[in-house]
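Here are the chains, one letter per residue:
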Amino acid sequence: MIRWLKPLVVVFALVPLAWVAWAFAHDRLGANPIRETEIQTGLWTLRFLAITLSISPARRATGWNWLIKYRRMLGLLTFFYATVHLSMWAGVDWFFAWGDMWHEVVKHKYILVGMTTFVLLAPLALTSTKGWVRRLGGKRWAALHRLIYVAAITGTVHYLWAVKKDTFFPLVYLAVFALLLGYRVIDARRKPFRVPPRRSSASVAA
Amino acid sequence: MLIRKPDDIASSEITPESAYMDRRRFIATAGMAAAGLAGAGALSSAAACTRDDRPTVKISGGDVATQQDKLNTFEQITTYNNYYEFGTDKEDPSENATRFRTHPWTVKVDGLVKKPGDYALEDLVKPFKVEERIYRLRCVEAWSMVIPWQGIPLKDMITRFEPLPSAKFVQFTTLLAPDQMPGQRRPILPWPYVEGLRMDEATNPLTLMATGLYGRPLPNQNGAPIRLIVPWKYGFKGIKAIVRMSFVDRQPMNTWQIANPDEYGFYANVNPTVDHPRWTQASERRIGEFRRRPTLMFNGYAEQVAHMYAGMDLRKNF
């Protein structure tokens, strides 16, 4: 694929964060900017998670194997947004009040499930390199990285339990993840995935 | 309890310019509304100015709190609203309520009273002196603001209707008008919005029927033309756009309790020791401030209201 496409995707992926940071600095996030930043970074975490989970089905549907090269980067972007989201909560909202935060994790299930999501994503980010695939062996690595499916569920439940009453958008995300995960369930029953033959018409510069 | 009237206030205590968006406009509006307002341009406020350019204010009727309370800006108060009749995002009411018709407006008073009737809003408020009240408003979502309301003590209004001894509760209802209130087209809450107070809560000196804000008529997104303010309770008790007041002998089922009885009750007293099932109530975000604040029992009005709940289990009656 085109050499500069990867860096370009990263740049575009960071635009939401740049916008939130700019809006925060210029007091354009409304009357409760801390809460709004938590909401926006949380939503982008879920969105990048959905995009990451769309790579394999898209690759299957289109035969574009080069898509797989972007999956790790998108996964790491997901974790990056999750880290910003958690940092806002811990560092700005709660200002590192560890006792109060622990109380939140233990007593309030939507925080517990949010923290669980982060804890599930962290090892995936840490073992995302080729070195780790070799160290763990392909099978074990693949098994570990199936935790992303659990993270997608816990992340959406965190969102669902965080809203006061209007569950419309959390349920939309739930439906999207149900489709992305459901696809894999169906696919697992079919023949094992095989790399489709290279299309001769595709003139691809590395 | 200190409700400051114009004569008591030294010129040094007149609210400085920085506390209002536009002082000239305020004075002009106040001049026009002079017939209804207790004192144009006179607000009860502490003289102390801190490094923050906003002065601290004295909360009307509140405990002498050790923490400093500052007025929130008109912008904050009118663009961050929970008013699901106009949408569920915080900016929705200010965006969607611009053409809401608040005139003519009728409030039906019925039930166990000697003087029921359909009162035009002007007739409802005319006999009373509009007062200035600076109150904390604490939302159940754990954010809060300090707001300069103008309104009529509900106690005075109730006296006029002459409730019967059998009347134990007052029930309020909001307008049902999906053509004007887009949020009512979805069953996000069981419309119309209903709230209620026990008679002693309704006649407490703090309870206010608000008709104005920052010296101006209530903006639509804040509950125009008339709404309830019960400062020691969570904000959802402050029902907006009231069209009916019924005096009843049974505790009303308020809307948020119907919507989610495990999370929202009838009393809804601000209580840092009783968490919401999903989040803590021990602290809050004061809009405009960077650090969280500890939440005060009864929102800092314990001296005026705690006696009404003596002996009650507030964990059960949340």
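Everything here concerns the structure above.
The following paragraphs examine the structure supplied in this document.

With that out of the way, let us pick up the overall build of chain B. Scanning chain B from terminus to terminus reveals 8 helices and 12 strands. Here chain B holds 318 residues, and 58% of them are scored as buried. Sequence separation of at least 24 residues holds for 69% of the intrachain contacts in chain B that already meet a minimum separation of 6. Carbon and sulfur atoms make up 53% of the accessible area of chain B, which amounts to about 13,400 Å² in all.

With that settled, the discussion passes to the nonpolar core. Residues Leu-154, Phe-172, Met-245 and Phe-247 of chain B are the most contacted members of the largest nonpolar core, which totals 93 residues. Here the element with the most residues in this core is strand β4 (residues 143-153) of chain B; it accounts for 6 residues. Excluding residues that lie within four positions of it along the chain, Phe-247 of chain B makes contacts with Val-109, Asp-110, Gly-111, Leu-112, Val-113, Ile-158, Phe-161, Pro-163, Ala-167, Phe-169, Val-170 and Met-199 of chain B. Leu-46, Leu-49, Ala-50 and Tyr-173 of chain A belong to the second largest nonpolar core, which has 19 residues in total.

All names here are of chain B. Mapping Glu-284 onto the fold places it in strand β11 (residues 283-286). Given the relative accessible area of 3%, Glu-284 is considered buried. Here the side chain of Glu-284 touches Thr-295 through a polar contact of 2.9 Å, side chain to side chain. Contacts of Glu-284, omitting those with residues within four sequence positions, involve Arg-138, Ala-142, Ser-144, Arg-292, Arg-293 and Thr-295.

What follows covers helix α8 (residues 147-162) of chain A. All names here are of chain A. The terminal C-alpha atoms of α8, which comprises 16 residues, lie 22 Å apart, in line with the 22 Å expected from a rise of 1.5 Å per residue. Residues of α8 that are buried include every one of Ile-148, Ala-151, Ala-152, Thr-154, Gly-155, Thr-156, Val-157, His-158 and Tyr-159, and no others. If you follow the buried residues of α8, they end up packed against α2 (33-62), α3 (71-93), α5 (109-126), α7 (138-145) and α9 (168-189).

Now for the pattern of salt bridges. Charged atoms that come close allow side chains of opposite charge to pair. Residue and element names in this part refer to chain B. According to the stated counting rule, one finds 23 salt bridges over all chains in the structure shown. The shortest N-O distance in the salt bridge between Lys-115 and Glu-162 comes to 2.6 Å. Of the two residues, Lys-115 sits in the loop between β1 (106-111) and β2 (117-120) while Glu-162 sits in the loop between α5 (154-161) and β5 (169-174), which places them 47 residues apart along the sequence. In this structure, the salt-bridge partner of Lys-237 is Glu-195, at a minimum N-O distance of 2.6 Å. Taken as a pair, Lys-237 in the loop between β9 (227-229) and β10 (242-248) and Glu-195 in strand β6 (residues 194-198) lie far apart in primary sequence, 42 residues in all. This pair shows no difference in class: Lys-237 is buried, exactly as Glu-195 is. Each member of the salt-bridge network shares a partner with another, and the members are Asp-69, Arg-136, Arg-138, Glu-284, Arg-286, Glu-289 and Arg-293.

What counts as what
Residues numbered from 1 in each chain as written. Chains lettered and ligands numbered in written order. Predicted model: local features only at pLDDT ≥ 70, side-chain atom pairs only at ≥ 80, totals over all residues. Heavy atoms only, no water. Helix = DSSP H or I, 4+ residues; strand = E, 2+ residues; numbered from the N terminus. Buried < 20%, exposed > 50% of the residue type's maximum accessible area, 1.4 Å probe, protein only. Contact = heavy atoms within 4.5 Å. Areas by Shrake-Rupley, 256 points an atom, 1.4 Å probe, with all protein chains shown as cover. Core = buried A, V, L, I, M, F, W, Y, C linked by side-chain atoms within 4.5 Å. Polar contact = N/O pair within 3.5 Å; in protein donor to acceptor, adjacent residues only side chain to side chain. Expected span 1.5 Å × (residues − 1). Salt bridge = Lys/Arg side-chain N within 4 Å of Asp/Glu carboxyl O.

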